[in-house]
Amino acid sequence: MRSIWAVAVNTIRQALRMKIAAIFVVLLLVLLPVLGFTTTGDGTLKGRLQTFVSYGLSLTSILLCLLTLVASVYTITSDIEQRQIFTVITKPIRRFELLFGKLLGVVLLDAGLLVLFCAIIYGITAYMPSFYAATEAERTEAANEFYTARANLVLPDLDVSKEAAEDYGKLKATGQLAQFYPGFSEKEILDQLTKRRRLEKRAAPAGHELLWEFENVRPLDPGERLFIRFKYDVSVNPPDSYVYSRWLVGDYRQIKYGTPIVTPIYEPPMRKDPIRTFREIEVPADAVAEDGYLAVAFLNVTLNNMVVIFPLEDGLEVLYKADTFTANFIRAALLILLRLIFLACLGILAASFLSFPVAMMFCLAIFVTANFSGFVLESFSYMSDSVYTVYSYTLKWVIWLLPQFDKFNPAKFLVPGRLLSWSLVARVAGLVVCVRGFLMLLLGLLIFSFREIARIVV
Amino acid sequence: MEYAVETISLTKVFSDWWGRDKVYAVEDLNLQVRYNEVFGLLGPNGSGKTTTLKMLLGLLYPTKGKTVVLGGDGADPKINARIGFLPEESYLYRYLNARETLDFYGRLFGLDRQVRKMRIEALLDMVGLTAVANRAVGTYSKGMARRIGLAQALINDPDLLILDEPTTGLDPIGTRQIKDLIKKLAERGKTILLCSHLLADVEDVCDRIAILYGGKTQAEGEVKELLQQTSKRQIVTDAISDGAVEKIKQIVQAEHADCEVTSPMDKLETFFVKTVAEAQRQATPTSGAFSTTQIGEFLAADKAQDSILDKLVSAPAGHESLSETPKTEKVAPVETSEPKPDEQLLGRLRTAEPATPEKQVDTSEVESLPDAAAGQEKIKKRVLDQLTGKPTSGDKDRESSDQGKAGDPGDA
């Protein structure tokens, strides 16, 4: 343990004294305050905050990612190329201990720098309202939509594969497939049928109602407010492009079972909302039952004379303040740290068998791919069947090994003030660090343990 | 455990990218280095010396054959803990200063903070880098780097010291100091495997040598045996008259042998060292290294003794009264070279007796202590006895002569 620590301290010294870290530190120390004073966004306080946090965090994350890769690859490859390793591994230290020490050093350096830069970003966001002498309205807007951690509950996608398969069977039996879907493959037709069935569950003809029940709704404070955010789609465009509706929000079970009303049920007056536009209904958070149950009912009033549909992706969600901005910010920083740990493991794997330039190219290629892996994975799902089969047995596994950085981008949560839950952080920790990072580290350790250190390969 | 280092038909073949054999760096090498001996591995460049050392330490894997180092595998951390290694160049972390460098290696050996501190100061003093200890190692000259490299090889008080061309880059004085150091370490019971192509160095310090060429042993044996010209005799006298010389010549001619009379020359090395020592006495300032040539006290002759010494130094405030602590410190410096017992040991080892008599003597001494007091007291006494030599009648005399030697720079 003592020798691991000695190596870790030496690694940090190397990164600091060889000025590898210095370049990144100076760059960030200059750029972050500059960003703080120059970003304007849409001109409002919220806009400024969102732009600053988005750019600030992304910049910190990218620069620290690069630093991690350079530091972890350099610390090992330079030891081998400049041969200090001859005097190190001939001491009573096992090779895996040496690599662990290097990893620990890089991660500690990362953690220290991350704390420093996140503190700067946090400080600037906290004092931004005073810098710009924001108006009261702007401050309220920022408090509601930025300095918060709102959880969002979305409608679950119901499993309709059985119904879709039945539809397909019927169409096939009656020989209507070619008529309705000329030139489509079976998979494409099934996709369309599934989508239709799903939309059906989210559609209300005139005079009909839709009821959604949510569980595990945990507002931070019952005195806060809930927001129901929705968007309409319609079968036939109404002449004035408006939809009239009635809503009920609260513990529906009290009505269903006829029990005395304990938690209040809110019924806002009849609404008139434009179609295909996001709208929000604000309701006191005490509408949520003690066990975290909340029901939202929508009535398509007969006045409308058309079918109202809530689109699949973002038709309706319930938002509520679930945590403070500070806690959310800390979790966002943790998310970055997890990414850095993964990259440190990657760097060590690469350095265990490659020279510095090659290892750096290898790591950067993976880093870039990881940043766009969501896009890459998606693009593969549009391939023809035969190519897809080949892909699913080969590349898919390789790409699976890469973490999806774009999916877990911390700015994505902080900018709209969305809750970044502990469970998500834990999941990323498990998937990215414990599974993928550990696999890479293990592979690196294996290669390094059996490698002939003094062997010069030209 | 008969040999400190042994290689058994050791072979290393470097193959090219396609796996085809290219170079036989070491071929069927059988080396035996005995305990407490200075063994020199000689050979021209590319003869496989360094490759052999690297295989001993697990930096390269043998293609065929095996190595045994201190009775085990040279890559095993337990064995590594007893080895000091100086590679062909002092590969150091440029950004660390001398003290940090030694501290880093001390930590790798798991040494306690106090032990590290004590040893670092002793070693810096020994290699003459105390004055520049806070400068980054990257700014050192080659000779200074060599000195710090040697210091790092000694920080664990190793039983076996593997030195790859220890004197390259050093000035003649540094070379002289290193050679003296090697001799002193050997006197203290260390085994030294040394690899060089500087023949003068090897000749001065090695007990036995092996000459490698093309990865094979070409000659092996004791230096004296290999070099002594048994067909010739040399007589060295003080300055005598020409008449006496003539008489001697006549005697030799009567034996039908040739005779040549000259005045012996000083070695250039001796002259150089003398000249610089003179300049030093006149205190000419220098920016380079200045060694006191005082050997690190912790570099003990016996492992057990050393660890007890460390314990005593690292835990001065035990349940013992404070007044006793200075006593150990005062006595510790006396523990310098003790030529007599070591030469006996050397002699026995040369006659291939595997026993290590020192230890046996120790235990008998402890057992024969008149009063078995508290355990701590006993250990301390034993250490003190060891440090001052056997408690015989001539003890005092020897002690004083040792002290005189240790303080005398001319000893170097």
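Above this text sits the structure in question.
A few points on the structure. (Residues numbered from 1 in each chain as written. Chains lettered and ligands numbered in written order. Predicted model: local features only at pLDDT ≥ 70, side-chain atom pairs only at ≥ 80, totals over all residues. Heavy atoms only, no water.)

**Details of the overall build of chain B**
Spelled out, the test is: Under the DSSP-based scheme used, a helix requires at least four consecutive residues in state H or I and a strand at least two consecutive residues in state E, with every element numbered from the N terminus. Throughout, exposure labels follow a simple rule: accessible area from a 1.4 Å probe, protein chains only, divided by the maximum for the residue type, with under 20% read as buried, over 50% as exposed, and the rest as partly exposed. Where accessible areas are quoted, they stem from the Shrake-Rupley method and a 1.4 Å probe; at the residue level, only the protein chains shown are allowed to cover.
Across its full length, chain B holds 16 helices and 9 strands. Taking all 412 residues of chain B together, the buried fraction comes to 45%. Of the roughly 22100 Å² of accessible surface on chain B, a fraction of 53% belongs to carbon and sulfur atoms.

**Some words on the nonpolar core**
The line we're drawing: The definition of a nonpolar core used throughout is a set of buried Ala, Val, Leu, Ile, Met, Phe, Trp, Tyr and Cys residues joined through side-chain atoms within 4.5 Å. In what follows, residue pairs with any heavy atoms lying within 4.5 Å of each other are defined as contacts.
With 168 residues, the main nonpolar core has B:Phe104, B:Leu154 and B:Ile192 as its most contacted residues. The greatest single-element share of this core, amounting to 19 residues, is contributed by helix α11 (residues 325–351) of chain A. Leave out the neighbours within four places in its chain, and B:Phe104 touches A:Ala6, A:Val7, A:Asn10, A:Val88, B:Tyr93 and B:Leu96.

**What about the side chain of B:Thr52?**
Residues and elements named next belong to chain B. Assignment of secondary structure puts Thr52 in helix α1 (residues 49–56). Take Thr52: its relative accessible area is 0%, and that puts it in the buried class. Ignoring anything within four residues of it in the chain, the contact list for Thr52 reads Leu10, Val26, Leu29, Leu31, Leu41 and Leu212.

**A closer look at the sheet that holds strand β1 (residues 149–154) of chain A**
Residue and element names in this part refer to chain A. The condition is simple: What makes two strands pair is DSSP finding at least two bridges between them. The axes are straight lines fitted to the C-alpha atoms, using for helices just the contacting stretch, and the angles between their N-to-C directions are given from 0 to 180°.
With antiparallel pairing, the 4 strands of this open sheet are ordered in space as β1-β11-β4-β8. The strands lining the two open edges of the sheet, one partner per strand, are β1 and β8 (279–284). Neighbour-to-neighbour, the strand axes of this sheet turn through a mean angle of 30 degrees, independent of strand direction. One ladder, built from 5 bridges, connects strand β4 (residues 225–230) with strand β11 (residues 316–323); its direction is antiparallel. When the bridges of β11 are listed, Leu226 appears paired with Tyr320.

**Quick word on the layout of surface pockets**
All names here are of chain B. Keep this limit in mind: Only protein atoms enter the calculation, which uses a 1 Å grid: trapped sets of points that fit a 1.4 Å probe without letting it out are cavities, open sets showing protein on both sides within 12 Å along at least five of seven lines are pockets, and any residue with an atom within 4 Å of a point is a lining residue. Grid points are joined across faces, edges and corners, and a volume is the space filled by probe spheres set on the points. The nonpolar class holds Ala, Val, Leu, Ile, Met, Phe, Trp, Tyr, Cys and Pro. Asp, Glu, Lys and Arg form the charged class, and all remaining residues, Gly among them, are polar.
Within this model, the largest pocket holds a volume of roughly 1200 Å³. Around the largest pocket, the lining is made up of 24 residues, and of these Arg233, Gln234, Ile235, Glu260 and Val261 lie nearest the centre. Tallied by class, residues from the lining of the largest pocket come to 11 nonpolar, 6 polar and 7 charged.

**Points about the interface of chain B and chain A**
Basically, it comes down to this: The buried area of a pairing is the accessible area, by a 1.4 Å probe, that goes missing from both parts when the two are put together, added over both. The term salt bridge refers to a side-chain nitrogen of Lys or Arg lying within 4 Å of a carboxyl oxygen of Asp or Glu. A 3.5 Å cut-off defines polar contacts: any pair of N or O atoms within that distance qualifies, except that in protein one atom must be a possible hydrogen donor and the other a possible acceptor, and neighbouring residues in sequence count only when both atoms are side-chain atoms.
Facing the 33 residues of chain B at the interface are 33 residues of chain A. Summing the contributions of chain B and of chain A, the shared interface buries around 3100 Å²; its carbon and sulfur component is 58%. Remark: the boundary between chain B and chain A carries 4 salt bridges. Between B:Glu100 and A:Arg17 there is a salt bridge, with the nearest N and O atoms lying 2.8 Å from each other. Taken together, the connections running from chain B to chain A amount to 19 residue pairs in polar contact (both at pLDDT 80 or more). Of all the secondary-structure elements, those providing two or more residues to the side of chain B that touches chain A are β1 (3–15), α2 (77–80) and α3 (98–108) of chain B. If one sorts the elements of the side of chain B that touches chain A by residue count, α3(B) sits on top with 5 residues. When its residues are assigned to classes, the side of chain B that touches chain A shows 19 nonpolar, 5 polar and 9 charged.

**Topic: the sheet that holds strand β5 (residues 233–234) of chain A**
Residues and elements named next belong to chain A. Here we have 3 strands laid out as an open sheet, ordered β2-β10-β5, and antiparallel in their pairing. Each edge of the open sheet carries a strand with a single partner, namely β2 (203–204) and β5. Where β2 lies against strand β10 (residues 308–309), 2 bridges are found, and the strand directions are antiparallel. The residue of β10 that forms the bridge with Ala203 is Ile309.

**Considerations on the pattern of salt bridges**
Where charged atoms from two side chains of opposite charge approach closely, those side chains can pair. All names here are of chain A. Counted under the stated rule, the structure contains 35 salt bridges over all chains. In this structure, Glu163 and Lys201 form a salt bridge, with 3.5 Å as the shortest nitrogen-oxygen distance. Of this pair, Glu163 sits in helix α7 (residues 161–173) while Lys201 sits in helix α9 (residues 186–201), and the two are 38 residues apart along the sequence. Owing to a relative accessible area of 40%, Lys201 belongs among the partly exposed residues under this scheme. Note that Arg253 is salt-bridged to Asp291, the shortest N-O span being 2.9 Å. Of this pair, Arg253 sits in helix α10 (residues 253–256) while Asp291 sits in the loop between β8 and β9 (294–300), and the two are 38 residues apart along the sequence. Counted as one network, the salt bridges with shared partners bring together Arg229, Glu280, Glu317 and Arg418.

**Thoughts on a nonpolar patch on the surface**
All names here are of chain A. For clarity, the threshold we go by: Only residues whose relative accessible area exceeds 30% and that take part in no salt bridge are eligible for patches, with like-charged residues grouped when within 9 Å of each other and nonpolar side chains (Val, Leu, Ile, Met, Phe, Trp, Tyr) grouped when within 5 Å.
Among the surface-exposed residues, Trp397, Trp400, Leu401, Val435 and Leu439 lie close enough to one another that they form a single nonpolar patch of about 480 Å² accessible area. Those elements that place two or more of their residues in the nonpolar patch are α15 (395–401) and α17 (422–450). A total of 3 residues in the nonpolar patch trace back to one element, the largest contributor, which is α15. By secondary structure assignment, the location of Leu439 is in helix α17.

**Considering the packing of aromatic side chains**
Residue and element names in this part refer to chain A. Applied cut-off: Only Phe, Tyr and Trp rings take part, Trp by its six-membered ring, and two of them pair if their centres are within 6.5 Å. Stacked means planes under 30 degrees apart, edge-to-face means over 60, and tilted covers everything else. In this scheme, the term charge over a ring applies when either NZ of a lysine or CZ of an arginine sits within 6 Å of the ring centre and within 35 degrees of the ring normal.
Scanning all chains against the criterion turns up 22 aromatic pairs over all chains. With 5.9 Å between their ring centres and 90 degrees between their planes, Tyr74 and Phe356 make a pair best called edge-to-face. Remark: Phe356 occurs in helix α12 (residues 356–371) and Tyr74 occurs in helix α3 (residues 45–81); sequence separation between them is 282 residues. Take Phe356: its relative accessible area is 25%, and that puts it in the partly exposed class. Every member of this aromatic cluster is reached through a ring pair, and the members are Trp212, Phe230, Tyr232, Trp247, Phe298 and Phe310. A cation sits over an aromatic face here: Arg229 above Phe278, 4.4 Å from the ring centre.

**Digging into the environment of B:Leu56**
All names here are of chain B. Along the polypeptide, Leu56 turns up in helix α1. You can call Leu56 buried: its relative accessible area is 2%. Dropping the residues within four chain positions of it, Leu56 is found in contact with Val5, Thr7, Thr67, Val69, Gly74 and Leu193.

**Description of the packing of helix α5 (residues 95–131) of chain A against α17(A)**
Residue and element names in this part refer to chain A. Short version of the rule: Should an angle fall under 35 degrees it is taken as roughly parallel, and over 145 as roughly antiparallel, whereas 65 to 115 is taken as roughly perpendicular and any remaining angle as oblique. In this scheme the crossing of two helices becomes right-handed for a clockwise turn of the near helix relative to the far one and left-handed for an anticlockwise turn of less than a right angle.
Between α5 and α17, whose axes approach to 9 Å, the crossing angle comes to 135 degrees. When the interaxial angle is binned, α5 and α17 end up oblique. In this structure, the crossing between α5 and α17 has a hand that is right-handed. Side by side, α5 and α17 meet where Arg95, Phe96, Leu98, Leu99, Phe100 and Leu103 of the first sit next to Leu441, Gly444, Leu445, Phe448, Ser449 and Phe450 of the second. Split by residue class, the contact of α5 with α17 holds 9 nonpolar, 2 polar and 1 charged.

Read these as geometric descriptors, not functional statements.
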